[in-house]
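# Observations on the model geometry
Residue-level listing of the chains:
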Amino acid sequence: MADPVQNLDQIDIAAKRKDGGIDLIIVTSSILSSSPDHQKLLLDKIESYLRQINSPEFQSEFGDAAEVRIIVDCVEKPDSIILQLLENASGWVEENNAELAIRMNK
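Read on for a plain summary of the structure. Only a predicted model underlies this, so the values are computations on that prediction, with no experimental measurement involved.

Below, the discussion takes up the pattern of salt bridges. Tallied over the entire structure, the rule returns six salt bridges. In this structure, Asp 44 engages Lys 40 in a salt bridge whose closest nitrogen and oxygen atoms are separated by 2.8 Å. Within this pair, Asp 44 and its partner Lys 40 are both found in helix H1 (residues 36-53), separated by four residues, close to a single helical turn. For Asp 44, a relative accessible area of 22% puts it in the partly exposed group. You can call Lys 40 exposed: its relative accessible area is 52%. Residues joined by salt bridges that share partners form a network here, namely Arg 17, Asp 19, Asp 23 and Arg 69.

This part takes up the side chain of Ser 48. Along the polypeptide, Ser 48 turns up in helix H1. Polar side-chain contacts of Ser 48 include one of 2.8 Å to the backbone oxygen of Leu 8. The contacts of Ser 48, once residues within four sequence positions are left out, are Leu 8, Asp 9 and Gln 10.

Below, the discussion takes up the packing of H1 against helix H3 (residues 80-95). Running from N to C, H1 and H3 point in directions that differ by 25 degrees, and their axes come no closer than 11 Å. Between H1 and H3, the angle falls in the class roughly parallel. In the crossing of H1 with H3, the sense of the turn from one axis to the other is right-handed. Contact with H1, carried on its side by Gln 39, Leu 42, Leu 43, Ile 46, Glu 47 and Leu 50, involves Ile 81, Ile 82, Leu 85, Leu 86, Ala 89, Trp 92 and Val 93 of H3 and no other residues of that element. Class assignment of the residues belonging to the contact of H1 with H3 gives a composition of 11 nonpolar, one polar and one charged.

Examined bridge by bridge, strand E3 (residues 68-74) and strand E4 (residues 99-104) share six bridges and lie parallel to one another. Counted as the bridge partner of Ile 70 is Leu 100 from E4. Once you follow E3 into H3 and on to E4, the crossover reads as right-handed.

Turning to H1, a few remarks are in order. For H1, built from 18 residues, the straight-helix expectation of 26 Å at 1.5 Å per residue is met to within 8% by its first-to-last C-alpha distance of 26 Å. Every buried residue belonging to H1 is among His 38, Leu 41, Leu 42, Lys 45, Ile 46, Ser 48, Tyr 49, Leu 50 and Ile 53, and all of these are buried. Residues of H1 that are buried in the fold lie against strand E1 (13-16), strand E2 (22-27), helix H2 (56-62), E3, H3 and E4.

It is worth spelling out the packing of aromatic side chains at this point. Counted under the stated rule, the structure contains one aromatic pair. Pairing Phe 58 with Phe 62 gives two aromatic rings, centres 4.6 Å apart and planes at 45 degrees, and the pair type is tilted. With Phe 58 and Phe 62 both in helix H2, this residue pair falls four residues apart, about one helical turn. What makes Phe 58 buried here is its relative accessible area of 7%.

To continue, consider the pairing of E1. Pairing of E1 with E2, which is carried by four bridges, proceeds in the antiparallel orientation. From the neighbouring strand, Ile 13 faces E2, where its bridge partner is Ile 25. In this antiparallel pair of consecutive strands, E1 and E2, the connection spans five residues, and Gly 20 shows a positive phi of 95 degrees.

Cut-offs and rules
- Residues numbered from 1 in each chain as written.
- Predicted model: local features only at pLDDT ≥ 70, side-chain atom pairs only at ≥ 80, totals over all residues.
- Heavy atoms only, no water.
- Salt bridge = Lys/Arg side-chain N within 4 Å of Asp/Glu carboxyl O.
- Helix = DSSP H or I, 4+ residues; strand = E, 2+ residues; numbered from the N terminus.
- Buried < 20%, exposed > 50% of the residue type's maximum accessible area, 1.4 Å probe, protein only.
- Polar contact = N/O pair within 3.5 Å; in protein donor to acceptor, adjacent residues only side chain to side chain.
- Contact = heavy atoms within 4.5 Å.
- Axes fitted to C-alpha atoms, helices over the stretch in contact; angles between N-to-C directions.
- Parallel < 35°, antiparallel > 145°, perpendicular 65-115°, else oblique.
- Left-handed = near helix turned anticlockwise from the far one by under 90°.
- Nonpolar A, V, L, I, M, F, W, Y, C, P; charged D, E, K, R; others polar.
- Pairing = 2+ DSSP bridges.
- Right-handed = clockwise from strand over helix to strand, strands pointing away.
- Expected span 1.5 Å × (residues − 1).
- Phe/Tyr/Trp six-rings, centres within 6.5 Å; stacked < 30°, edge-to-face > 60°.

Structural data, given as structure tokens:
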């Protein structure tokens, strides 16, 4: 079975919002469990997004004033440890010029 978070060095989906902001979506392909491996994959993917957000290439394409939101798109409600992990990571994400959100499809 494939890991729920893949392609750690790539942005899964990028979309420009009507308000001028940018949504960057982390797509999960299966439920995020509390396993250390899943926690590490998710944090590594968020870190990759933050590096890209703060890169000169991203700034030149989208502008440094654009509000960026990283959305973790879950196929099912993740384990409570993952929800806590995301809550704890929100300050780190904000310090790196983005907002962190979660979207659950079930």
